[in-house]
Amino acid sequence: MEFRGQVRQRTHRRGTQRGVTLFGLMFWAILIGIISLLSLKVLPTLNEYFTIKRTIEKIATSGATTVPEIRTAFEKQKDIEYSIQSISAKDLEITKVNDKVVIAFAYNKEIELMAPVFLLLKYEGRSK
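Figured I'd write up the structure that's included with this text. Nothing here was measured: the structure is a model prediction, and the numbers come from that model. (Residues numbered from 1 in each chain as written. Predicted model: local features only at pLDDT ≥ 70, side-chain atom pairs only at ≥ 80, totals over all residues. Heavy atoms only, no water.)

**Here's the deal with the pattern of salt bridges**
The condition that has to hold: The term salt bridge refers to a pairing of a side-chain nitrogen on Lys or Arg with a carboxyl oxygen on Asp or Glu at a separation within 4 Å. Note on conventions: DSSP H or I runs of at least 4 residues are helices, E runs of at least 2 residues are strands, and numbering of each starts at the N terminus. Think of it in three bands: with a 1.4 Å probe and only protein chains considered, a residue is buried below 20% of the maximum accessible area for its type, exposed above 50%, and partly exposed in between.
Counted under the stated rule, the structure contains one salt bridge. Two residues, E48 and K109, come together in a salt bridge whose shortest N-O distance is 3.7 Å. Of the two residues, E48 sits in helix α1 (residues 22–60) while K109 sits in strand β2 (residues 100–114), which places them 61 residues apart along the sequence. By relative accessible area, E48 is classed as buried at 4%. Accessibility expressed as a relative area gives 23% for K109, which makes it partly exposed.

The following block contains the structure:
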């Protein structure tokens, strides 16, 4: 079959093509890498914070009433929980509020990201 006088034209639309460019791929790879690096360095410090918080909650509800008893209980728990390294028993602030023992703590954690760049995290907490 012959088409006389008719020329078939293919229509190409550049607007309908979709995809990721090399620069877009590199941008997302770098962004995901930075987020992964931060999370891998910050997650252990968060684990330590929650371990300390859980420990002081347990001590505050255990019935210990004197400051030396609370400090001794914290040191014993610190020996058991290997992840507590940022504070010691002498760093705890122990008070009584309405005949209830309240244990508070605060500490800073520096994380080296790259040679001259550090991330400073400030943690603080108290028993209920």
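**Regarding the side chain of E57**
Definition in use: Positive: Lys, Arg. Negative: Asp, Glu. His and the chain ends are not part of the count. Whether two residues are in contact is decided by their heavy atoms, any of which lying within 4.5 Å being enough.
Structurally, the position occupied by E57 is in helix α1. One buried charged residue, E57, forms no salt bridge at all, with the nearest opposite charge on K53 at 4.1 Å. For E57, the residues in contact, after removing those within four places along its chain, are R126, S127 and K128.

**Here we look at α1**
Turn by turn, an α-helix covers 3.6 residues, leaving residues three or four places apart pointing in a common direction. Put simply, the rule reads: Each helix should span, by expectation, one fewer than its residue count multiplied by 1.5 Å. Bend at a residue means the angle formed by two fitted axes: the first through the 7 residues ending at that position, the second through the 7 residues beginning there.
Counted at 1.5 Å a residue, the expected span for α1 with its 39 residues is 57 Å, and the 56 Å between its end C-alpha atoms agrees. In the structure, α1 departs most strongly from a straight axis at V42, where the bend amounts to approximately 30° and where the proline P44 lies between one and four residues downstream. Summarising the contacts, the buried residues of α1 are in contact with α2 (67–80), β2 and β3 (117–126).

**Some thoughts on α2**
Selection rule: Directions pointing from the helix axis toward each C-beta atom define the arc.
With 14 residues, α2 should cover 20 Å at 1.5 Å per step; its first-to-last C-alpha distance of 20 Å lies within 8% of that length. The set of residues buried in α2 consists of I70, F74 and Q77. Down the axis of α2, the sector holding all buried residues measures 65°, keeping them to one side. Residues of α2 that are exposed and angled more than 90 degrees away from the buried face: P68, K76 and D79.

**Regarding unusual backbone geometry**
Negative phi values dominate among residues other than glycine, just as trans dominates among peptide bonds. Positive phi is not limited to glycine here, since N98 has a value of about 55°. Of note, N98 is situated in the loop between β1 (93–97) and β2.

**Observations regarding the pairing of β2**
Where we set the bar: A pair of strands is labelled paired if DSSP reports no fewer than 2 bridges between them.
As judged from the five bridges shared by β1 and β2, these two strands associate in the antiparallel manner. Residue V97 lies in a different strand from β2, and its bridge partner there is K100. Linkage of β1 to β2, two consecutive antiparallel strands, is achieved through a turn of two residues, within which N98 is found at a positive phi near 55°. In the sheet, β2 pairs with β3 via 10 bridges, with the strands oriented antiparallel. Looking at the pairing, F105 lines up with G125 of β3.

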